[in-house]
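Residue-level listing of the chains:
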Amino acid sequence: MKIFSGQASPVQLQWLLWGFVFLINFISMLPMDGLVQAAAYTILNTTFYAIIIYGNIHFLLPVFYKRERLMPYVLASIFFLALVGITRSYLSQYVYNLYFAKEYTPLTTKSIVYVSAACVVIYVLSFVFRFALDYFKLKRQAEEIIAEKSLAELNLLKSQVQPHFLFNTLNNIYYEAYKEAPRTAMLIERLSEIMRYFVDESPREEVTLGTEIQFLENYIALERIRIRHEISITFIQNCRKEAGIPPMLLMTFVENIFKHGIDKSNPENAVTISLVQENGYLLFQTQNLLHDKQAATGQSGFGIRNLHKRLSLLFGSNYELSAQPAGKYFNASLKIPLQ
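Residues numbered from 1 in each chain as written. Predicted model: local features only at pLDDT ≥ 70, side-chain atom pairs only at ≥ 80, totals over all residues. Heavy atoms only, no water.

1. A short note on the packing of aromatic side chains
And step 1. The tally for this structure, following the rule as stated, stands at ten aromatic pairs.
And step 2. Judged by centre distance (5.5 Å) and plane angle (85°), the ring pair of tyrosine 123 and phenylalanine 127 falls under edge-to-face. Linking tyrosine 123 with phenylalanine 127, this pair stays in helix 5 (residues 109-180), spanning four residues, or about one helical turn.
And step 3. Relative accessible area serves as the criterion here: at 26%, phenylalanine 127 is assigned to the partly exposed category.
And step 4. Here the aromatic residues Trp18, Tyr54 and Phe129 are joined through ring pairs into a cluster of three or more. (Phe/Tyr/Trp six-rings, centres within 6.5 Å; stacked < 30°, edge-to-face > 60°. Helix = DSSP H or I, 4+ residues; strand = E, 2+ residues; numbered from the N terminus. Buried < 20%, exposed > 50% of the residue type's maximum accessible area, 1.4 Å probe, protein only.)

2. Considering the nonpolar core
And step 1. Within the largest apolar cluster, 39 residues are counted, with the highest numbers of intra-cluster contacts made by Leu250, Phe258, Phe284, Leu311 and Ile336.
And step 2. Secondary-structure elements contributing two or more residues to this core are helix 6 (182-201), helix 7 (209-224), strand 2 (231-238), helix 8 (251-260), strand 4 (269-278), strand 5 (281-289), helix 10 (302-315) and strand 7 (329-337).
And step 3. Sort the elements by how many residues they give to this core and helix 7 lands first, with seven residues.
And step 4. Residues in contact with leucine 311, not counting those within four places in the same chain, are Leu249, Gly316, Tyr319, Leu321, Leu334 and Ile336.
And step 5. Counting residues in each nonpolar core, the second largest holds 27 residues, with Tyr41, Ile52, Leu81 and Val95 among its members. (Core = buried A, V, L, I, M, F, W, Y, C linked by side-chain atoms within 4.5 Å. Contact = heavy atoms within 4.5 Å.)

3. Details of unusual backbone geometry
And step 1. Phi at methionine 248 takes a positive value of approximately 65°, unusual for a residue other than glycine.
And step 2. Tracing the backbone through its elements, the reader meets methionine 248 in the loop between strand 3 (244-245) and helix 8.
And step 3. The backbone phi angle of asparagine 279 is positive, close to 55°, even though this residue is not glycine.
And step 4. Checked against the element boundaries, asparagine 279 lands in the loop between strand 4 and strand 5.

So, to be careful, I would describe these as geometric facts and stop short of saying anything about function.
Here it is as structure tokens:
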């Protein structure tokens, strides 16, 4: 059973505890009261114990104490205990007179005070009960987190097998293609580097600017082969390549150029990409000729909105982002602080 294997849930542990309380009550009353009376009063007492404990931890504490209503909590607790104590006293006496008494026995004030005092003790124990429940819940959650972490690490190891197998295969294809078609081999190498970037670099919080530039250059090289006409691309790099930036920040602008900013039927497509570092900031700018289709759709779609959200999380308000047409060009600009 899970209870004995250390994997019991909080609900199972509560059932075990109440079973233990019931057994202790029954055994303590059995020699004096007999089997039937001991069983009846054990059921009665255990029921009222549960009412007091769960009434406090599931009603009084959440409604009053956790909302910092201390005085109403104290007053509500006193009223609750008085009500439970009086109800338990009358019900116990009623059951006794109805089933077990040889002659009628009246309920006394002393008996009510005694039962109410016992209710106060159970009320105090309800806090211990609550702390124990919280402890077991936290312990179980910690065990589940450790198990999930181990599973995630295992899945990560499994997921890394296939990409590395693919990288090795691409390398073999590259060497074969290099003999017959050097340009094709170069494109295979670019694709391999892009895939390695996604697997090894993009999950990191920060990559070097040189790594990000190499990724952009590989992407541009692969996109060129999809376009029939030659594209004039100027890539200005005036920055410290060992500086660190979050990965995939610059990709949105370049991707939008090839998605929206290239007229595939026009042989005259010109693109300028600029990376300039100045005064502790990195200024990334792109410019492309504006054609009719791009003028109609623009470049401020889903990708730019996502980039805005990510920049806000990374830099707060310490960044500048713009993407808009200017005359016959479409200009995009991003300014972020460098570490």
